[in-house]
Each structure stands twice: as C-alpha cells, then as structure tokens.
Amino acid sequence: NIEELPALFKHVQVFCSVSTGPLFVADAVGSATVVIGTDCAYDQFPQTKTVIVQAPDAPVYVHIMYPPENMSEDFEPAKKITVEMMGKAFTEVLKK
C-alpha cells in the first residue's frame, strides 16, 4: 500500500515507471528513477537522479499509462522506445 512504499523504495536502486505517484515517492527517498515517456511537463518530474526516456519525435505530453485499446495516436511515440534506449537510461541514471 502507499504507506509502505517509502520503506520499500529505500531498498530499490532504480525505479522505472511512467509518471505516477510511486515515481515521486521513490525519488523522495533517494532511489534513482527512469521515466518512460512523458505525461507532464519536464519541470514536474523528479529533479534528482532521474532520466526520461521517450522517442525523439515525441511531443512533450505523451500519455502511455492507459491500455492501448483506449489510446489515440498519443501512444505511437511510446512504441518507438527501444530496449537499447532503456538500457542507456539505466546506465546513465546509475552514474548520477
């Protein structure tokens, strides 16, 4: 539950997520974070050990939290995120 997340995240080296509440909890306790896509302004993301991964041609706001059948073309840029991009993000965030 939400009350236990801070204790859990104290043991997590890197938390990977779309922009959700747990992302900010992980950041608050010092875990590095990798954000997949964007669905809020860059200045609203955790500002410490964070790397944002999105397709180069993605708009600033890309909603990828919902099931594909409920999505519009907003999901298309998220489909361009590769395993290599994620691996690079994890390497980068662990150096911070």
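For the structure, see preceding data.
All values derive from a computational prediction rather than experimental measurement.

## Overview of the overall build of the chain
Link 1 in the chain: Along the chain, the regular secondary structure elements total 4 helices and 3 strands.
Link 2 in the chain: Counting from the amino terminus, the chain carries its helices and strands in the arrangement α-β-α-β-β-α-α.
Link 3 in the chain: Taken across its 96 residues, the chain has 41% of its residues classed as buried.
Link 4 in the chain: A fraction of 32% describes how many contacts in the chain between residues 6 or more apart in sequence connect residues 24 or more apart.
Link 5 in the chain: When the accessible area of the chain is evaluated, it comes to approximately 5,900 Å², of which 58% is carbon and sulfur surface.

## Some words on the environment of Val25
Link 1 in the chain: Mapped onto the secondary structure, Val25 falls in helix α2 (residues 21-28).
Link 2 in the chain: Separated by 19 residues in sequence, Val25 and Pro6 have C-alpha atoms that sit 6.3 Å apart.
Link 3 in the chain: Apart from residues no more than four positions distant in its own chain, Val25 is found in contact with Leu5, Pro6 and Phe9.

## Re the side chain of Thr33
Link 1 in the chain: On the secondary structure map, Thr33 appears in strand β2 (residues 32-36).
Link 2 in the chain: With relative accessibility at 0%, the residue Thr33 sits in the buried group.
Link 3 in the chain: Setting aside its immediate chain neighbours within four residues, Thr33 contacts Phe15, Leu23, Ala26, Asp27, Pro46, Lys49, Thr50, Val51 and Val93.

## Quick look at α2
Link 1 in the chain: Three or more residues of α2 are buried, namely Leu23, Val25, Ala26 and Asp27.
Link 2 in the chain: Lining the buried residues of α2 we find α1 (5-9), β1 (14-17), β2 and β3 (50-53).
Link 3 in the chain: A positive phi of about 100° marks Gly30, the residue just after α2.

## Quick look at the sheet that holds β3
Link 1 in the chain: Across the sheet, which stays open at both edges, the 3 strands sit in the order β1-β2-β3 with parallel pairing between neighbours. Every other strand in the sheet has two partners, leaving β1 and β3 as the edge strands with one partner each. The sheet shows a mean angle of 15° between the axes of neighbouring strands, taken without regard to direction.
Link 2 in the chain: Where β1 lies against β2, 4 bridges are found, and the strand directions are parallel. The partner of Ser17 across the bridge, within β2, is Val35.

Definitions and cut-offs
- Residues numbered from 1 in each chain as written.
- Predicted model: local features only at pLDDT ≥ 70, side-chain atom pairs only at ≥ 80, totals over all residues.
- Heavy atoms only, no water.
- Helix = DSSP H or I, 4+ residues; strand = E, 2+ residues; numbered from the N terminus.
- Buried < 20%, exposed > 50% of the residue type's maximum accessible area, 1.4 Å probe, protein only.
- Contact = heavy atoms within 4.5 Å.
- Areas by Shrake-Rupley, 256 points an atom, 1.4 Å probe, with all protein chains shown as cover.
- Pairing = 2+ DSSP bridges.
- Axes fitted to C-alpha atoms, helices over the stretch in contact; angles between N-to-C directions.

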